[in-house]
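Observations on the model geometry
Now for the letters of each chain:
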Amino acid sequence: MNWDDTADTPADERPPVPPAERLVGSAADREDQAVEAALRPKDLGEFIGQEKVREQLDLVLRAARARGATADHVLLSGAPGLGKTTLSMIIAAEMGAPIRITSGPAIQHAGDLAAILSSLQEGEVLFLDEIHRMSRPAEEMLYMAMEDFRVDVIVGKGPGATAIPLELPPFTLVGATTRAGLLPPPLRDRFGFTAHMEFYEPRELERVVHRSAQLLDVGIETEGAAEIAGRSRGTPRIANRLLRRVRDYAQVKADGVITREIAAAALAVYEVDARGLDRLDRAVLEALLKLFAGGPVGLSTLAVAVGEERETVEEVAEPFLVREGLLARTPRGRVATPAAWTHLGLTPPGAATSGNGQQDLFGT
Ligand SMILES: Nc1ncnc2c1ncn2[C@@H]1O[C@H](COP(=O)(O)OP(=O)(O)OP(=O)(O)O)[C@@H](O)[C@H]1O
Ligand SMILES: [Mg+2]
């Protein structure tokens, strides 16, 4: 049977959904921002994982230092919480240069950008977060600034307006984006080095957890760190957040040391299961399996079934479910994979019922 409904609009053509307050959400909340500053690795040596990016960036920066030159412009792309802001600060630190931080949405007019550019010092790093959200006129000004270290400042209005060229000191632009595909090619082409950040392996996240636990002065056993790492969706920000919640639990319910059992019990309280799915993720999967026999079912129908907006299901729950190989988006609708049935401990209709033991999702 097919429960398909409306045609799907590509996600890029709709406004983004505001980040939901979830423990496994990848956007930074206010508490994160305060703690993140303290947990940020300060140089490339401290930065965990992303071996390729680290090696390449190390070469770019070393060579620039050896030449006594300003480093080439760097574009950092990747999902939220993977370390783009952290790397931008590391680039400045490694170059011994000051850093100026701004973002695409903060630059409304080309004049805003001109003011920032003209006040840069030689060698300074300009970090432009969410660079894909810059206005068109600012973007065009940036092309010239990146390539020729020059901007044209427009003075006056209408036919009497004149462009006054302004020389800029050499600087390094570090752009960050979660949506590299949305960058216009002329902008992308002006970066000398593009680093695509991947999701982290559980073993790398384990190291992130150990490092953060040490900085937060929390006792943790190897299996405790592994338990947290395995539920962190490949994302250091989530690993750090889960660590803080587990620490709370360990303080209140035990002697403060994080063991595997404590980590599993704490994350069961917060409804983050053994694979890192939270309540919303599981509600979506459960509806797909139990109400629609695994699909295919249309996105809107699925959203109604779990009592959420379709955008929430599509942008908050689905990307991770797809990445984990639990759900597939097909032209006929959403379909559960065999792994989804296994994960929820359910048997697909028509499958032989050969002693399918209920899986302990929380690992307790
Ligand atoms: N490689 C890493 N090693 C250790 N900690 C890391 C690493 N990458 C990120 N972190 C930690 O994860 C947190 C989030 O990183 P960061 O803010 O750099 O992510 P981001 O990619 O800029 O996210 P966003 O797209 O939301 O801006 C920081 O607290 C940082 O300490
Ligand atoms: Mg950032």
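Just so we're clear, the structure is a prediction, and the values are computed from it rather than from any experiment.

Counting its secondary structure elements, the protein chain contains 14 helices and 9 strands. With the principal axes as the frame, the protein chain shows a C-alpha extent of 80 × 50 × 30 Å. Out of the 364 residues belonging to the protein chain, those deemed buried represent 46%. Considering only contacts within the protein chain whose residues lie at least 6 apart along the sequence, 71% involve residues at least 24 apart.

The next subject is the side chain of R231. Residue placement: R231 occurs in the loop between α8 (222-230) and α9 (236-253). For R231, a relative accessible area of 0% gives the class buried. A polar contact is formed between the side chain of R231 and the side chain of E227, at a distance of 2.8 Å.

It is worth spelling out the packing of α9 against helix α10 (residues 260-269) at this point. In helix packing, the relevant descriptors are the interaxial angle and the interaxial distance, both defined with respect to the helix axes. Where α9 contacts α10, the two axes come as close as 9 Å, and the packing angle between them is 105°. Of the possible angle classes, the one that applies to α9 and α10 is roughly perpendicular. On α10, the residues that touch L242, V246, Y249 and A250 of α9 are I262, A263, A265, A266, L267 and V269. Among the residues making up the contact of α9 with α10, the classes are represented as 10 nonpolar, no polar and no charged.

A separate point is unusual backbone geometry. Negative phi characterises most residues that are not glycine, and trans characterises most peptide bonds. Of note, the amide linkage connecting G295 to P296 takes the cis form, showing an omega dihedral of 5°. Assignment of secondary structure puts P296 in the loop between α11 (279-290) and α12 (299-306). The phi torsion at R233 lies on the positive side, around 55°, for a residue other than glycine. Along the chain, R233 turns up in the loop between α8 and α9. One non-glycine residue, E271, lies in positive phi territory at about 60°. Within the element layout of this structure, E271 appears in the loop between α10 and α11. When its relative accessible area of 30% is taken as the criterion, E271 is described as partly exposed.

Time to look at the site of ligand 1. If you check the shell around ligand 1, you find 19 residues, and the closest are R40, I48, G81, K84 and T86. At a separation of 2.8 Å, an oxygen atom of ligand 1 approaches a polar backbone atom of G81. For ligand 1, a nitrogen atom lies 3.1 Å from a polar atom in the side chain of Y200. With the chains in place, 94% of the 630 Å² that ligand 1 exposes on its own is no longer accessible. Among the secondary structure elements, those contributing two or more residues to the shell around ligand 1 are α1 (30-39), α3 (84-95) and α9. Of the residues that constitute the shell around ligand 1, the class distribution is 9 nonpolar, 6 polar and 4 charged. Of the domains in this structure, domain 1 (6-196) and domain 2 (202-269) are the two that each give at least three residues to the shell around ligand 1.

Before going further, it helps to spend a moment on the pairing of strand β1 (residues 74-77). Consecutive residues of a regular strand have side chains that alternate between opposite faces of the sheet. Residues V74 and L76 of β1 are buried on one face, and the alternating residues L75 and S77, pointing to the opposite face, are buried as well. Taken together, the 4 bridges between β1 and strand β6 (residues 172-177) define a ladder with parallel strand orientation. Residue pairing across strands places V74 opposite V174, the latter belonging to β6. Relative to strand β7 (residues 193-196), β1 runs parallel, the two sharing 4 bridges. Residue pairing for β7: L76 is matched across the bridge by A195.

Let us look at the packing of aromatic side chains. In the structure shown here, the tally under the stated rule is 1 aromatic pair. Cation over ring: R323 sits above F199, and NZ or CZ is 3.3 Å from the ring centre.

So, on to the environment of L128. Tracing the sequence through the fold places L128 in strand β3 (residues 125-129). The class for L128 is buried, based on a relative accessible area of 0%. Sequence separation between L128 and T301 is 173 residues; the distance between their C-alpha atoms is 39 Å. With near-sequence residues (within four places) excluded, L128 lies in contact with T102, S103, G104, I107, M134, L142, L173, V174, G175 and A176.

What follows deals with the domain arrangement of the protein chain. Domain assignment breaks the protein chain into domain 1 (6-196), domain 2 (202-269) and domain 3 (279-363). Centre-to-centre separation of domain 1 and domain 2, based on C-alpha positions: 31 Å. In this complex, domain 1 contributes 23 residues to the contact, which on the side of domain 2 involves 18 residues. For the pair domain 1 and domain 2, the summed buried area comes to about 1800 Å², and 51% of that belongs to carbon and sulfur atoms. Interface area lost by domain 1 to domain 2 is led by L23, L39 and I48, which between them contribute 37%. Viewed at the interface, domain 2 and domain 1 are joined by 6 salt bridges. For R241, the salt bridge identified is with D32, shortest N-O distance 2.6 Å. The interface formed by domain 1 and domain 2 includes 13 residue pairs in polar contact (both at pLDDT 80 or more).

Conventions we followed
Residues numbered from 1 in each chain as written. Chains lettered and ligands numbered in written order. Predicted model: local features only at pLDDT ≥ 70, side-chain atom pairs only at ≥ 80, totals over all residues. Heavy atoms only, no water. Helix = DSSP H or I, 4+ residues; strand = E, 2+ residues; numbered from the N terminus. Buried < 20%, exposed > 50% of the residue type's maximum accessible area, 1.4 Å probe, protein only. Contact = heavy atoms within 4.5 Å. Polar contact = N/O pair within 3.5 Å; in protein donor to acceptor, adjacent residues only side chain to side chain. Axes fitted to C-alpha atoms, helices over the stretch in contact; angles between N-to-C directions. Parallel < 35°, antiparallel > 145°, perpendicular 65-115°, else oblique. Nonpolar A, V, L, I, M, F, W, Y, C, P; charged D, E, K, R; others polar. Near = heavy atom within 4 Å. Areas by Shrake-Rupley, 256 points an atom, 1.4 Å probe, with all protein chains shown as cover. Domains from an automatic or database assignment. Pairing = 2+ DSSP bridges. Phe/Tyr/Trp six-rings, centres within 6.5 Å; stacked < 30°, edge-to-face > 60°. Lys NZ or Arg CZ within 6 Å of the ring centre and 35° of its normal. Buried area = accessible area lost by both parts, 1.4 Å probe. Salt bridge = Lys/Arg side-chain N within 4 Å of Asp/Glu carboxyl O.

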